Amino acid sequence: KLSVIRSSELMLGVYLGISPVYWLPGVPVFILALVKLGIFFGLLVLVWVPRIASNRIVCPPGAFGWIYLIVLLAFSFAGFFQSEVSAILRHSQEILTGFVAMWTGYLLSRSGADVGRIASITFITLLPAATLTLLAGVLSWPSWVNPFLGAPFTISNTGLGGLRTGWSVAFALIFAFSILS
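Summarised in this report is the structure supplied together with it. (Residues numbered from 1 in each chain as written. Predicted model: local features only at pLDDT ≥ 70, side-chain atom pairs only at ≥ 80, totals over all residues. Heavy atoms only, no water.)

If you tally the helices and strands in the chain, you get seven helices and zero strands. Pairs at least 24 residues apart make up 68% of the contacts formed inside the chain by residues separated by at least 6 positions. Surface summary for the chain: the accessible area is close to 10,300 Å², and the carbon and sulfur share equals 72%. (Helix = DSSP H or I, 4+ residues; strand = E, 2+ residues; numbered from the N terminus. Contact = heavy atoms within 4.5 Å. Areas by Shrake-Rupley, 256 points an atom, 1.4 Å probe, with all protein chains shown as cover.)

Put into structure tokens, the structure is as follows:
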């Protein structure tokens, strides 16, 4: 059981660390997406399957539980009327994936996982991408062009994310996860 918990800590930490990374130079976008999905579904198998089999699924209480999901979807609802179906589906998938990732972290913490270790793994995983972004902003190196937006948007403007929000999603994940610890 301990090795499953440690493996799950590692997988969740790496997933949270790479989840805001949508492109890497020289790596096809779909390959990176497949790696992230593979880690996510592997984590679900390790954490959720035993709990479903033994009927031990517990929803996080209060603001991290169903209330969070309902409020987030309610605030997104107005934007759904202004979007194409593909954008609605992508946004809904991102909300649900984030919710399930946080719920998985909650289940792990209830199983004795070290939340501080998960946060450390997340930080270590995110550090190279954040360092490259800072180097690009300060030294103008590297000057990789964001494949989603094209020139003039480089890593210094967008980080390794898909849009100009840079690291806001990553920091939001880390902040939310640190509250659990």
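Moving on from the model shown.
What follows concerns helix H4 (residues 85-110). Its 26 residues give H4 an end-to-end C-alpha distance of 37 Å, which sits within 8% of 38 Å, the value for a rise of 1.5 Å per residue. Listed in full, the buried residues belonging to H4 are Ser 92, Ile 95, Thr 97, Phe 99, Ala 101, Met 102, Trp 103, Thr 104, Gly 105, Tyr 106, Leu 107 and Leu 108. One or two positions beyond H4, positive phi appears at Gly 112, with a value near 95°. (Expected span 1.5 Å × (residues − 1). Buried < 20%, exposed > 50% of the residue type's maximum accessible area, 1.4 Å probe, protein only.)

Together, Phe 30, Ile 31, Leu 34, Val 35, Leu 37 and Phe 41 give the surface a local cluster of nonpolar side chains, amounting to about 570 Å² of exposed area. Within the secondary structure, Ile 31 is located in helix H2 (residues 29-53). For Ile 31, a relative accessible area of 35% puts it in the partly exposed group. (Patch = residues over 30% accessible without salt bridge, like charges linked within 9 Å, V, L, I, M, F, W, Y side chains within 5 Å. Salt bridge = Lys/Arg side-chain N within 4 Å of Asp/Glu carboxyl O.)

Grouped together as the largest cluster of nonpolar side chains are 22 residues, with contacts concentrated most on Leu 12, Tyr 15, Val 47, Trp 48, Trp 103 and Leu 108. Mapped onto this core, the elements with two or more residues apiece are helix H1 (2-18), H2 and H4. It is H4 that provides the largest number of residues to this core, a total of eight residues. Non-local contacts of Val 47, meaning those with residues more than four positions away in its chain, are made with Ser 8, Thr 104, Leu 107 and Leu 108. Formed by seven residues, the second largest nonpolar core is a distinct cluster that contains Val 21, Trp 23, Ala 129 and Ala 136. (Core = buried A, V, L, I, M, F, W, Y, C linked by side-chain atoms within 4.5 Å.)

To continue, consider the packing of aromatic side chains. A full pass over the atoms with the stated rule returns four aromatic pairs. Directly above the ring of Tyr 22 sits Lys 36, whose terminal nitrogen or CZ lies 4.0 Å from the centroid. (Phe/Tyr/Trp six-rings, centres within 6.5 Å; stacked < 30°, edge-to-face > 60°. Lys NZ or Arg CZ within 6 Å of the ring centre and 35° of its normal.)

Of the consecutive residues Trp 141 and Pro 142, the connecting peptide bond is found in the cis state with omega at -5°. Here Pro 142 lies in the loop between helix H5 (115-139) and helix H6 (155-158). Looking along the chain, the bond that leaves Ala 151 and enters Pro 152 is cis, with omega of 10°. Along the chain, Pro 152 turns up in the loop between H5 and H6. A positive phi angle, close to 55°, is found at Asn 55, a residue other than glycine.

Along its 25 residues, H5 runs 35 Å from first to last C-alpha, staying within 8% of the 36 Å computed at 1.5 Å per residue. The largest bend along H5 measures about 40° and falls at Leu 127, with the proline Pro 128 one to four residues further on. When we look at burial in H5, the residues that qualify are Val 115, Ile 118, Ile 121, Thr 122, Leu 126, Ala 129, Thr 133 and Ala 136. The backbone nitrogen of Gly 116 lies 3.1 Å from a side-chain oxygen of the residue at the head of H5, namely Asp 114. (Bend = angle between axes of the 7 residues up to and from the residue. Polar contact = N/O pair within 3.5 Å; in protein donor to acceptor, adjacent residues only side chain to side chain.)

Tracing the backbone shows Thr 154 in the loop between H5 and H6. Separated by 2.9 Å, the side chains of Thr 154 and Ser 156 make a polar contact. Not counting residues within four places of it along the chain, the set of residues in contact with Thr 154 comprises Ser 143, Trp 144, Val 145, Asn 146 and Gly 159.

This next bit is on the packing of helix H3 (residues 66-80) against H4. Two elements in contact, H3 and H4, have axes separated by 11 Å at closest approach and are oriented at 165°. Between H3 and H4, the crossing angle belongs to the class labelled roughly antiparallel. Note that H3 runs across H4; the crossing there is right-handed. Where H3 approaches H4, its residues Trp 66, Tyr 68, Leu 69, Leu 72, Leu 73, Ser 76 and Phe 80 are matched on the opposing element by Ile 88, His 91, Ser 92, Ile 95, Leu 96, Phe 99 and Trp 103. Within the contact of H3 with H4, the residues separate by chemical class into 11 nonpolar, three polar and no charged. (Axes fitted to C-alpha atoms, helices over the stretch in contact; angles between N-to-C directions. Parallel < 35°, antiparallel > 145°, perpendicular 65-115°, else oblique. Left-handed = near helix turned anticlockwise from the far one by under 90°. Nonpolar A, V, L, I, M, F, W, Y, C, P; charged D, E, K, R; others polar.)

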